[in-house]
Amino acid sequence: MLSRAAASGRALRGAMRAGGQPPVRGLRASPRARCAMPSWVIDRYGRNDVLRFTRDMVFPTIHFPNEVIIKVHAASLNPIDLSMRSGYGATALNMKRDPLKLKTMETEFPLTLGRDVSGVVMECGLSVSYFKPGDEVWAAIPPWKQGTLSEFVVASGNEVSFKPKCLSHTEAASLPYVGLTAWSAVNQVGGLNQSNCSGKRVLILGASGGVGTFAVQLLKAWGADVTAVCSHDASTLMKKLGADDVIDYRSGNLEEQLKTLPLFDFILDNVGGSTEKWALDLLKKWSGATYVTLVTPFLINMDKLGVADGMLQTGVTVGSKTVKHLFKGVHYRWAFFMPSGPSLDEIAELVDSGKIQPVIDQVFSFSEVPKAFLKLEGGHARGKTVIDVIGKK
């Protein structure tokens, strides 16, 4: 398979075409006979009863030359879908959807949730040469875009990657969002990679969730010594995924248990809350050790305080914490999900080489999306909640 690097990258390809080379394919407009599609949407924020099935969701169209339309074969749910269903992050996400306030309708509804997709490319924009119709792909769609609990979804080409060959669509749909979130925290923010991770001691708080199970496998693939914190009933799964040590947070005072262990080079915190008050004391001082948390007040601040004041409050918070801990000899960082087709390329290689495997708790049919949300809302799942969109059940 031709790599993105061998193809000189999407940006370079676009520049070459601008210099006179004909595009590989032209813009394909959606068939006019097909103007609607089945989808699960919400028309307001709230609990599970706001989910509504419709056969009249507007069919996606290509608005930019780097976009593709994907026929969704499978999707999956993440905690952000529960949060977005209740209105979490609406202020920031609406600003991202329409930063110049150009839309005549001042509403994001009807809104389709779901971030993960595994499916088949149906149409390509003018500048897309890396994919063609019929390609099997996977992606994680950013939360400011319409989601994947639909028959079709539109994505930017740089958010999409070829699906791992060894996985079915149902299996593949479980990985993109959690994989990219973990990749962002560990690699792009934490600075760890295959060449510098060997022998490093890593602590993962909240290791049995979707991001945690992926991070355990990723860090073990890179040669780290991984300590996973989870409940006792997830310890077998953690060992199966390769964790060197498993700590049951219910078996006693977690802070005291962890203080008996050698200090760590890196901590990934999927839990937040009170753990932040003591977790950084477990890092090796003045050695470049880093604490990265995925639990941040960024979107909540903007929801409560508005865009300007929320961003100001967020900047003050992260800045003060960073400086405070820097004087103590450790690095403090926030991390977020970042969509990235090239990162998914690297993840796909790890999957196809057998170093990362999907962890799935339950698969629901497309008609059972509300049940899938309730399952996720119940908590303590051991793996992802997946939606088989094209299944006949």
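All residue numbers refer to position in the chain's written sequence, counted from 1. For this predicted model, a pLDDT threshold of at least 70 governs which residues receive local features, and a threshold of 80 or more governs which side-chain atom pairs are given and counted, while totals over whole chains, interfaces and linings are taken from all residues. The side-chain figures draw on all heavy atoms in the structure; neither hydrogens nor water molecules are used.

With axes taken as lines fitted to C-alpha atoms, and helix axes fitted only over the stretch in contact, angles between N-to-C directions fall between 0 and 180 degrees. Each helix is a run of H or I in the DSSP string that is no shorter than four residues. Each strand is a run of E no shorter than two, and both are numbered from the N terminus. Packing of helix α10 (residues 298-305) against helix α11 (residues 307-326) brings their axes to within 7 Å, and their N-to-C directions diverge by 140 degrees. Note on packing geometry: the crossing formed by α10 with α11 is right-handed. Here Phe-298, Asn-301, Met-302 and Leu-305 of α10 lie close against α11, whose contacting residues are Val-307, Asp-309, Gly-310, Met-311, Gln-313 and Thr-314. Under the scheme applied, nonpolar residues are Ala, Val, Leu, Ile, Met, Phe, Trp, Tyr, Cys and Pro; charged residues are Asp, Glu, Lys and Arg; polar residues are all the others, including Gly. Taken together, the residues of the contact of α10 with α11 sort by class into 5 nonpolar, 4 polar and 1 charged. Left-handed describes a crossing whose near helix is turned anticlockwise from the far helix through less than a right angle; right-handed describes the clockwise counterpart. We call two residues in contact whenever any of their non-hydrogen atoms come within 4.5 Å of each other.

On to empty space enclosed by the protein, then. Lining residues are defined by having an atom within 4 Å of a point belonging to a cavity or pocket. Those points lie on a 1 Å grid over the protein atoms alone, cavities being sets where a 1.4 Å probe fits but cannot get out and pockets being open sets with protein on both sides within 12 Å along at least five of seven lines. Grid points are joined across faces, edges and corners, and a volume is the space filled by probe spheres set on the points. Throughout the structure, instances matching the rule amount to 1 cavity of 30 Å³ or more. The space that makes up the largest cavity amounts to roughly 40 Å³. Lining the largest cavity are Ser-174, Leu-175, Val-178, Gly-210, Thr-213, Phe-214, Gln-217, Gln-357, Pro-358, Val-359 and Lys-384. Its residues assigned to classes, the lining of the largest cavity comprises 5 nonpolar, 5 polar and 1 charged.

To continue, consider the layout of surface pockets. Estimates place the volume of the largest pocket at around 1600 Å³. Around the largest pocket sit 49 residues that line it, and Pro-79, Ile-80, Val-211, Asn-270 and Leu-294 are the ones nearest its centre. Among the elements of the structure, α2 (79-85), α3 (90-97), α5 (176-189), α6 (210-221), β9 (225-230), α10 and β15 (384-388) are those that each provide at least two residues to the lining of the largest pocket. For the lining of the largest pocket, a count of residues per class yields 30 nonpolar, 16 polar and 3 charged. Of the pockets and cavities examined, the second largest pocket occupies roughly 1300 Å³. Contributing to the lining of the second largest pocket are 38 residues, with Arg-97, Lys-103, Trp-144, Lys-145 and Gln-146 lying nearest its centre. Counting only elements with at least two residues in the lining of the second largest pocket, the list comes to β2 (51-58), α3 and β6 (152-156).

The next point concerns the pattern of salt bridges. We define a salt bridge as a side-chain nitrogen of Lys or Arg found within 4 Å of a carboxyl oxygen belonging to Asp or Glu. Enumeration according to the criterion identifies 15 salt bridges in this entry. Residue Glu-159 is joined to Lys-145 by a salt bridge in which the shortest nitrogen-to-oxygen separation is 2.8 Å. Here Glu-159 is found in the loop between β6 and β7 (160-162), whereas its partner Lys-145 is found in the loop between β5 (136-140) and β6, with 14 residues between them in sequence. Of the two residues, Glu-159 and Lys-145, both sit in the buried class. A salt bridge links Lys-220 to Asp-244, with the shortest nitrogen-to-oxygen separation between them at 2.9 Å. Taken together, the residues Lys-220 in helix α6 and Asp-244 in the loop between α7 (235-241) and β10 (245-248) connect sequence positions 24 residues apart. Throughout this description, buried means an accessible area under 20% of the type-specific maximum (1.4 Å probe, protein chains only), exposed means over 50%, and partly exposed covers the range between. Given a relative accessible area of 26%, Lys-220 falls into the partly exposed group. One continuous salt-bridge network, built from bridges that share partners, spans Arg-47, Arg-85 and Glu-377.

Moving on, we get to the sheet that holds strand β8 (residues 201-205). For two strands to pair, DSSP has to find at least two bridges joining them. Ordered in space as β10-β9-β8-β11-β12-β13, the 6 strands form an open sheet in which the pairing is parallel. Only two strands of the sheet have a single neighbouring strand rather than two, namely β10 and β13 (331-334). Averaged over all pairs of adjacent strands, the angle between their axes in this sheet comes to 15 degrees, without regard to strand direction. Judged from the 4 bridges that link them, β9 and β10 form a sheet pairing that is parallel.

Here α11 is 20 residues long and its end C-alpha atoms lie 28 Å apart, about the 28 Å a rise of 1.5 Å per residue gives. Elements in contact with the buried residues of α11: α10 and β13. Any helix carries an expected span of 1.5 Å times its number of residues minus one.

Moving on, we get to the side chain of Ser-174. Relative to the elements of secondary structure, Ser-174 occurs in the loop between α4 (169-172) and α5. For Ser-174, a relative accessible area of 1% puts it in the buried group. For Ser-174, the residues in contact, after removing those within four places along its chain, are Ser-76, Pro-358, Ile-360, Lys-384 and Val-386.

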